[in-house]
Amino acid sequence: MKELVVISGKGGTGKTSIVASFSTLSQRKVLADCDVDAADLWLILEPRILRRESFSGGRRAQIIEKKCTACGKCQEVCRFDAISFDGSANSLVKRTYRIDPIDCEGCGVCAYFCPDGAIDFQEQINGEWFISETRNGPMVHAKLGIAEENSGKLVSLVRKEAKHLAEEKGLDLVIIDGSPGIGCPVIASVTGADLVLVVTEPTLSGQHDLERVAKLTAHFGIPTVVCINKYDLNPEVSATIEARTEEAGLKVVGKVIYDPAVTKAQIMRASVVEYTGGKVAEDIKSLWRHTVYALG
Amino acid sequence: MPCLRGSYDQGQVDWLNSQMKIAIASGKGGTGKTTVATNLAQTLAEEGRKVTYFDCDVEEPNGHIFLQPKIERKDSVGIPVPQVDMEKCTGCGLCGQICQYSAIVVINKKVLTFPELCNGCGGCSLVCPVEAISEVPRQIGVVEEGRADGIRFFQGILRVGEVRSTPLIRQVKRSLSSCDGIKIVDAPPGTSCPVIEAVKGADFVLLVTEPTPFGLNDLKLAVGMVRELKIPLGVVINRADVGDDEVKVYCQAEGIELLLEIPDDRRVAEAYSRGELAVNALPEYLPWFHRLSRSIEKSLSQ
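Just so you know, these numbers come straight off a predicted model, no measurement behind them. (Residues numbered from 1 in each chain as written. Chains lettered and ligands numbered in written order. Predicted model: local features only at pLDDT ≥ 70, side-chain atom pairs only at ≥ 80, totals over all residues.)

Colleague: When you look at the overall build of chain B in this model, what are you seeing that I'm missing?
Modeller: Counting its secondary structure elements, chain B contains 11 helices and 11 strands. Considering only intrachain contacts with a sequence separation of at least 6, the fraction spanning at least 24 residues in chain B is 75%. (Helix = DSSP H or I, 4+ residues; strand = E, 2+ residues; numbered from the N terminus. Contact = placed C-beta atoms within 7 Å.)

Printed below as a string of structure tokens:
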């Protein structure tokens, strides 16, 4: 069983549209939406949820107001400026300390050092994950709660469940829709994968971000191939990206033409190859064949 | 030439001396955050205001491509990570118990550290009963400071391979309070911790979206996040004529102010692809951003 991860560095280059098309073109696979912050694949694949589980990304500290003696130890040890002296009064003191849930990083140092046991440090529910059925096969996806932390842990969980599911059903491939950037969720989605497909666009920003994300996959030693989406938007930058990609020892496995049909397909809740048979669909099919070849 | 919605009058706007912090965020990536942030910064500078631009999309910072700043200062950013003196360590295991990130673990009385997982809370060194743990800085990126055409410029660049970007974003924003004038904070995409770190403390959040199902879905998440932070917000629709009307319907239903609609103009996309500011490459866009600056001001004074 193999894992293919589609990422982009820069956001909005067309990752999810391409993954949706791959879901139409491929057989015997599980889909995993690892862009847990802003998951969009479900909008096209309209999953029927079969199983739903809650996710805990960590703990969070909270002052138990009636026990607080206002000694100030918690504020002294907190490195994240999450604690302020503006909580309400209790029977012991006129003012208590208060922890801002958004600033709290969940390190628990305050709870450990509170001499009065006045800080609660409980597991938090930070999101949900799902196993679903779609018209293009099984899918594992998730929803991180708003303003929540630890998307990397949720990404790892979605990947693990997708792999389990593929093994259970005897399927040979997991296609992962990743998130933009090069940080925690991206690292969690690519480490140990069989192939990374980076979808970029012919803009200086696209090129800059591709170079950073390619450095990241090289750092983790993951085989990487590149797709230039909307390549005709700026043929010059496209050519530069192609040349520099090859200089870096990577291969451009596909170039996809700009076509407003991509947006129209999204509005119709269809993948591009379901929606149109035009050149853009041909380009995506060719990209898929070359990606499968690179996957081995 | 696409039509102008509303008109810009040349009257002096009274937030000339504004100290406002405006964050530009989006939920979905690639909707035009950096386009809006850099063009707005340039427009404000041309209006004669003091402007500082902060690129807090430290994983993929792109503002420099458009603003072309001259970098005058570069500071390495580190977070404190534990260093264990094995001579003093008794293998008691307290450090491993307090650490929530598995950055320090004790197995068979032997201490192992994983600095890339450490978030620098300092719990291990505080809890160690024999003072065997000291803290040493570990570099996670750099903050660069410079000057572009009338704009003060800061950006964070995360070291490739680093997991946690929030401490670096915090460092980029440290200069916010010492900067005079309007502050534009370019946030990363998404709605989780790095975005919150970039956006919190702002006086106003501009959410840039596009009129598609993906744009709308991610806008809803971003609105939820900004409301959680209790910051006033407004929406900019980019490539406003490529999709459907659902974003507008949503904004209306939620009472969210639509501050600007930028049309789908291939020339803007091409200028972007070459790393040029729309207001420089296509001067007819300058009034659009003047109007945006005035809309934000109006929205805040209400």
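Colleague: Is there a simple way to think about the overall build of chain A in this case?
Modeller: From N to C terminus, chain A includes 11 helices and 13 strands. In terms of its C-alpha atoms, chain A occupies a principal-axis envelope of roughly 75 × 40 × 35 Å. Going through the 296 residues of chain A one by one, you find that 56% of them count as buried. (Buried ≥ 20, exposed ≤ 12 C-beta atoms within 10 Å, placed from the backbone.)

Colleague: Where do I start with the domain arrangement of chain B in this structure?
Modeller: In many analyses, interface size is given as the accessible surface area lost on bringing the parts together. When its domains are assigned, chain B resolves into domain 1 (21-68 + 149-301) and domain 2 (78-138). Its C-alpha centre places domain 1 of chain B at a distance of 39 Å from the equivalent point of domain 2 of chain B. (Domains from an automatic or database assignment.)

Colleague: Where do I start with helix 5 (residues 166-173) of chain B in this structure?
Modeller: For the α-helix, the turn length of 3.6 residues means that residues three or four positions removed from each other point alike. Most of helix 5 of chain B is tucked away, with 7 of its 8 residues classed as buried. What helix 5 of chain B keeps buried is the set Thr166, Pro167, Leu168, Ile169, Gln171, Val172 and Lys173 of chain B.

Colleague: Teacher, can you tell me more about the sheet that holds strand 13 (residues 251-256) of chain A here?
Modeller: Within a beta sheet, neighbouring strands are joined by backbone hydrogen bonds and run either parallel or antiparallel to one another. All names here are of chain A. Taken together, the 9 strands give an open sheet; going across it, the order is 3-8-9-2-10-1-11-12-13, and neighbouring strands pair in mixed fashion. Either end of the sheet is taken by a strand with one partner, and the two such strands are strand 3 (48-55) and strand 13. On average, adjacent strands in this sheet sit at an angle of 20 degrees to one another, irrespective of strand direction. Pairing of strand 11 (residues 195-200) with strand 12 (residues 224-229), which is carried by 5 bridges, proceeds in the parallel orientation. Bridge assignment links Leu197 to a residue of strand 12, and that residue is Val225. Its contacts with the sheet place helix 1 (residues 15-25) against strand 1 (2-7), strand 2 (29-33), strand 9 (137-144), strand 10 (173-177), strand 11 and strand 12, and it is angled at close to 160 degrees to strand 10. In the packing of helix 8 (residues 235-247) onto the sheet, the strands contacted are strand 11, strand 12 and strand 13, and the crossing angle to strand 12 comes to about 175 degrees. (Pairing = 2+ DSSP bridges. Axes fitted to C-alpha atoms, helices over the stretch in contact; angles between N-to-C directions.)

Colleague: It is not clear to me how the domain arrangement of chain A should be interpreted in this structure. Could you clarify?
Modeller: Residues and elements named next belong to chain A. For chain A, the domain assignment lists domain 1 (2-56 + 127-295) and domain 2 (58-124). Using C-alpha coordinates to define each centre, domain 1 is positioned 41 Å away from domain 2. On the domain 2 side, the residues contacting the 4 residues of domain 1 number 5 residues. Residues of the side of domain 1 that touches domain 2, tallied by class, amount to 1 nonpolar, 2 polar and 1 charged. (Nonpolar A, V, L, I, M, F, W, Y, C, P; charged D, E, K, R; others polar.)

Colleague: Is there a simple way to explain helix 11 (residues 279-295) of chain A in this structure?
Modeller: Residue and element names in this part refer to chain A. If you check helix 11, its first and last C-alpha atoms are 24 Å apart, about what 17 residues at 1.5 Å a residue would give, namely 24 Å. The set of residues buried in helix 11 consists of Val280, Ala281, Asp283, Ile284, Leu287, Trp288 and Thr291. Looking straight down helix 11, one finds its buried side chains confined to an arc of 155 degrees; they lie on one side. Turned more than 90 degrees away from the buried face of helix 11, the exposed residues are Lys279 and Tyr293. Immediately beyond the C-terminal end of helix 11, within one or two residues, lies Gly296, with a positive phi of roughly 85 degrees. (Expected span 1.5 Å × (residues − 1). Arc of directions from axis to C-beta.)

Colleague: What am I meant to see in the nonpolar core here?
Modeller: The nonpolar side chains of a soluble globular protein tend to be buried with one another. Core analysis: the biggest nonpolar cluster contains 180 residues, and Val158 of chain A together with Ile24, Ile184 and Leu207 of chain B have the highest contact counts within it. Every residue in contact with Ile184 of chain B, bar those within four places of it in the chain, is listed here: Ile22, Ile24, Ala37, Leu40, Ala41, Val51, Tyr53 and Phe54 of chain B. (Core = buried A, V, L, I, M, F, W, Y, C linked by C-beta atoms within 7 Å.)

Colleague: How do you make sense of the environment of Pro180 of chain A when you look at a structure like this?
Modeller: Within the fold, Pro180 of chain A resides in the loop between strand 10 and helix 6 (184-190). Considering only alpha carbons, one finds Pro180 of chain A and Gly127 of chain A, 53 residues apart in sequence, at a separation of 20 Å. With near-sequence residues (within four places) excluded, Pro180 of chain A lies in contact with Ser8, Gly9, Lys10 and Gly11 of chain A together with Gly29 and Pro189 of chain B.

Colleague: Can you help me understand the interface of chain A and chain B in this one?
Modeller: If you look at the interface, chain A gives 52 residues, while chain B gives 52 residues. Mapped by element, the contributors of at least two residues to the side of chain A that touches chain B are strand 4 (58-63), helix 4 (109-113), helix 5 (151-169), helix 6, helix 7 (204-219) and helix 9 (261-267) of chain A. In terms of residues, the side of chain A that touches chain B owes the most to one element, helix 7 of chain A, which gives 8 residues.

Colleague: I would appreciate a short explanation of the packing of helix 1 (residues 33-46) of chain B against helix 11 (residues 286-301) of chain B in the present structure.
Modeller: Helices that pack against each other are described as a pair by the angle of their axes relative to one another and the distance between those axes. Residues and elements named next belong to chain B. The contact between helix 1 and helix 11 brings their axes to 9 Å, and the two run at 85 degrees. Taken as axis vectors, helix 1 and helix 11 run roughly perpendicular relative to one another. On helix 11, the residues that touch Asn39, Leu40, Thr43 and Leu44 of helix 1 are Leu286, Phe289, His290, Leu292 and Ser293. When grouped by side-chain class, the residues that make up the contact of helix 1 with helix 11 number 5 nonpolar, 4 polar and no charged. (Parallel < 35°, antiparallel > 145°, perpendicular 65-115°, else oblique.)

Colleague: Would you take a moment to explain unusual backbone geometry for this structure?
Modeller: A positive phi angle, close to 55 degrees, is found at Lys230 of chain A, a residue other than glycine. Looking at the secondary structure, you find Lys230 of chain A in the loop between strand 12 and helix 8.

Colleague: What am I meant to see in the sheet that holds strand 1 (residues 21-25) of chain B here?
Modeller: Residue and element names in this part refer to chain B. Taking strand neighbours across the sheet as the criterion, the 9 strands line up as 3-6-7-2-8-1-9-10-11 in an open arrangement whose pairing is mixed. Strand pairing shows two members of the sheet lacking a second neighbour, strand 3 (70-84) and strand 11 (257-261), which therefore form its edges. Neighbouring strand axes in the sheet, compared pairwise and without regard to direction, differ in orientation by 20 degrees on average. Pairing between strand 2 (residues 51-55) and strand 7 (residues 151-158): 5 bridges, direction parallel. Bridge pairing in strand 7 places Phe54 opposite Phe154. Strand contacts of helix 11: strand 1, strand 9 (204-209), strand 10 (233-237) and strand 11, with the helix running at about 170 degrees to strand 11, the strand carrying the most contacts.

Colleague: Explain the environment of Ile71 of chain B here, please?
Modeller: Residues and elements named next belong to chain B. Secondary-structure assignment places Ile71 in strand 3. Considering only alpha carbons, one finds Ile71 and Arg147, 76 residues apart in sequence, at a separation of 6.7 Å. In this structure, Ile71 is in contact with Glu144 and Gly146, ignoring residues within four places of it in sequence.

Colleague: Quick question: what am I supposed to make of the confidence of the model for chain B here?
Modeller: Any residue range with low pLDDT should be treated as having predicted coordinates unsuitable for detailed reading. Residues and elements named next belong to chain B. Per-residue confidence for chain B gives a mean pLDDT of 92; residues scoring 70 or more make up 94%. Of the regions scoring below 50 in pLDDT, residues 1-13 engages in 11 contacts with residues more than four places distant in sequence or in other chains. Confidence metrics for the complex model read pTM 0.93 and ipTM 0.93. (pLDDT = per-residue confidence, 0-100.)

Colleague: What exactly am I supposed to notice about the packing of helix 7 (residues 213-228) of chain B against helix 8 (residues 246-254) of chain B here?
Modeller: Residues and elements named next belong to chain B. Close contact between helix 7 and helix 8 brings their axes to 9 Å; oriented N to C, the two are set at 25 degrees. Our classification of the angle between helix 7 and helix 8 gives roughly parallel. As helix 7 runs across helix 8, the sense of the crossing is right-handed. Where helix 7 approaches helix 8, its residues Gly215, Leu216, Leu219 and Val223 are matched on the opposing element by Glu246, Val247, Tyr250 and Glu254. For the contact of helix 7 with helix 8, a count of residues per class yields 5 nonpolar, 1 polar and 2 charged. (Left-handed = near helix turned anticlockwise from the far one by under 90°.)

Colleague: Got a minute to help me understand the environment of Thr224 of chain A in this structure?
Modeller: All names here are of chain A. Within the fold, Thr224 resides in strand 12. For Thr224, a count of 26 C-beta atoms within 10 Å corresponds to the buried category. Measuring from C-alpha to C-alpha, the distance between Thr224 and Phe80 comes to 37 Å, with 144 residues separating the pair along the chain.

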